[in-house]
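The residues making up each chain are set out below.
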Amino acid sequence: AQSVTQPDARVTVSEGASLQLRCKYSYFGTPYLFWYVQYPRQGLQLLLKYYPGDPVVQGVNGFEAEFSKSNSSFHLRKASVHWSDWAVYFCAVTPYQGGRALIFGTGTTVSVSP
Amino acid sequence: EAAVTQSPRNKVAVTGGKVTLSCNQTNNHNNMYWYRQDTGHGLRLIHYSYGAGSTEKGDIPDGYKASRPSQENFSLILELATPSQTSVYFCASGDATGKDNYAEQFFGPGTRLTVL
């Protein structure tokens, strides 16, 4: 069955340090992959999306992610974290082309220390 | 600006009572979704719809009904609310359009439901 695994429930990083959030997916076929961010008491906002093509995709606010078919991964990175990046990050996959619902990971909470 | 709105934003209900959560979208999307968010589970799909008049069961539909009376509106109904349905509920809309033919979903702000 299709699934998404985010192995880190919580990550704490210092402001200005780099960040990597891990995401592993299980899917047979061509996945469409997403990273969403949820700021405190808000809904989910799209950070970036991947469809077949360039494995490195750029998102908003300096985020990027790299798709690896061999590792079944879609890790999120940021070179220098800002305090405003304190949020919950969700990785998601959609199994089909054409509007099927997303399958989400359990999320990683990022805390930023001064 | 296109948007997804939800009402109410917060709701306290009693066990056995009926609860209706409403969602409205101005994106003109055909597809709408209801998810619930619980710690340790991420977001899980309850019901979804491909257009007015249609509803489909998602991964965890038990105890929930859905209604899609129009393109813009999608409701989630708990006929007999239970404490296990205490959660945060998110509505989303999306469509398979554009050259990439995949559906980015746009989320509402969420409804926090507490069932006592």
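Quick note: structure is the one above.
These remarks concern the structure in this document. (Residues numbered from 1 in each chain as written. Chains lettered and ligands numbered in written order. Predicted model: local features only at pLDDT ≥ 70, side-chain atom pairs only at ≥ 80, totals over all residues. Heavy atoms only, no water.)

## A look at the sheet that holds strand β7 (residues 65–67) of chain B
All names here are of chain B. The sheet built from 4 strands is open, its strands ordered β1-β3-β8-β7 with antiparallel pairing. Each having just a single partner strand, β1 (4–7) and β7 make up the two edges of the open sheet. Neighbour to neighbour, the strand axes of the sheet diverge by 20° on average, direction disregarded. Sheet analysis places β7 next to strand β8 (residues 73–78), joined by 3 bridges and oriented antiparallel. (Pairing = 2+ DSSP bridges. Helix = DSSP H or I, 4+ residues; strand = E, 2+ residues; numbered from the N terminus. Axes fitted to C-alpha atoms, helices over the stretch in contact; angles between N-to-C directions.)

## Thoughts on the side chain of Ser75(B)
Summarising the element assignment, Ser75(B) is placed in strand β8. If sequence neighbours within four positions are ignored, Ser75(B) has contacts with Thr20(B), Leu21(B), Ser22(B), Trp34(B), Lys65(B), Ala66(B) and Ser67(B). (Contact = heavy atoms within 4.5 Å.)

## Quick word on the state of the cysteines
Put plainly, a disulfide is one covalent bond tying together the sulfur atoms of two cysteines. Across all of its chains, the model carries 2 disulfides over all chains by this definition. In this model Cys23(A) forms its disulfide with Cys91(A); the gap between the sulfur atoms is 2.0 Å. Measuring handedness by torsion sign, the sulfur bridge of Cys23(A) and Cys91(A) sits at about -65° and is left-handed. Of the two residues, Cys23(A) sits in the loop between β3 (19–21) and β4 (24–26) while Cys91(A) sits in strand β10 (residues 87–94), which places them 68 residues apart along the sequence. Of the two residues, Cys23(A) and Cys91(A), both sit in the buried class. With a sulfur-sulfur separation of 1.9 Å, Cys23(B) is cross-linked through a disulfide to Cys91(B). Taking the torsion about the sulfur-sulfur bond, which here is approximately -80°, the covalent link between Cys23(B) and Cys91(B) counts as left-handed. Highlighted residues: Cys23(B) in strand β3 (residues 19–25) and Cys91(B) in strand β9 (residues 87–94), separated in sequence by 68 residues. We classify Cys23(B) as buried; its relative accessible area is 3%. (Disulfide = S-S within 2.5 Å. Buried < 20%, exposed > 50% of the residue type's maximum accessible area, 1.4 Å probe, protein only.)

## Some words on the side chain of Gln6(B)
Residues and elements named next belong to chain B. Relative to the assigned elements, Gln6 resides in strand β1. The class for Gln6 is buried, based on a relative accessible area of 7%. Only 3.0 Å separates the side chain of Gln6 from the backbone oxygen of Tyr89, close enough to count as a polar contact. Within the structure, Gln6 has its side chain in polar contact with the backbone nitrogen of Gly110 (distance 3.0 Å). Ignoring anything within four residues of it in the chain, the contact list for Gln6 reads Ser22, Trp34, Tyr89, Phe90, Cys91, Gly108, Pro109, Gly110 and Thr111. (Polar contact = N/O pair within 3.5 Å; in protein donor to acceptor, adjacent residues only side chain to side chain.)

## Looking at the packing of aromatic side chains
Applying the stated criterion across every chain yields a total of 16 aromatic pairs over all chains. Judged by centre distance (6.4 Å) and plane angle (35°), the rings of Trp34(B) and Phe74(B) are tilted. Linking Trp34(B) in strand β4 (residues 31–38) with Phe74(B) in strand β8, this pair joins segments that are 40 residues apart in sequence. Put simply, the rings of Phe34(A), Tyr36(A), Phe90(A), Phe104(A), Tyr33(B), Tyr35(B), Tyr48(B), Tyr50(B) and Phe107(B) pair up and form one aromatic cluster. (Phe/Tyr/Trp six-rings, centres within 6.5 Å; stacked < 30°, edge-to-face > 60°.)

## Re the nonpolar core
Residue and element names in this part refer to chain A. Counting 28 residues, the largest nonpolar core has Trp35, Leu48, Phe74, Leu76 and Tyr89 as the members making the most contacts within it. Here this core takes 4 residues from β10, the largest share from any one element. Discounting chain neighbours no more than four positions away, the residues touching Phe74 are Cys23, Leu33, Phe34, Trp35, Leu48, Tyr50, Val57, Ala65, Glu66, Phe67 and Cys91. (Core = buried A, V, L, I, M, F, W, Y, C linked by side-chain atoms within 4.5 Å.)

Purely spatial values, then, with no claim about function.
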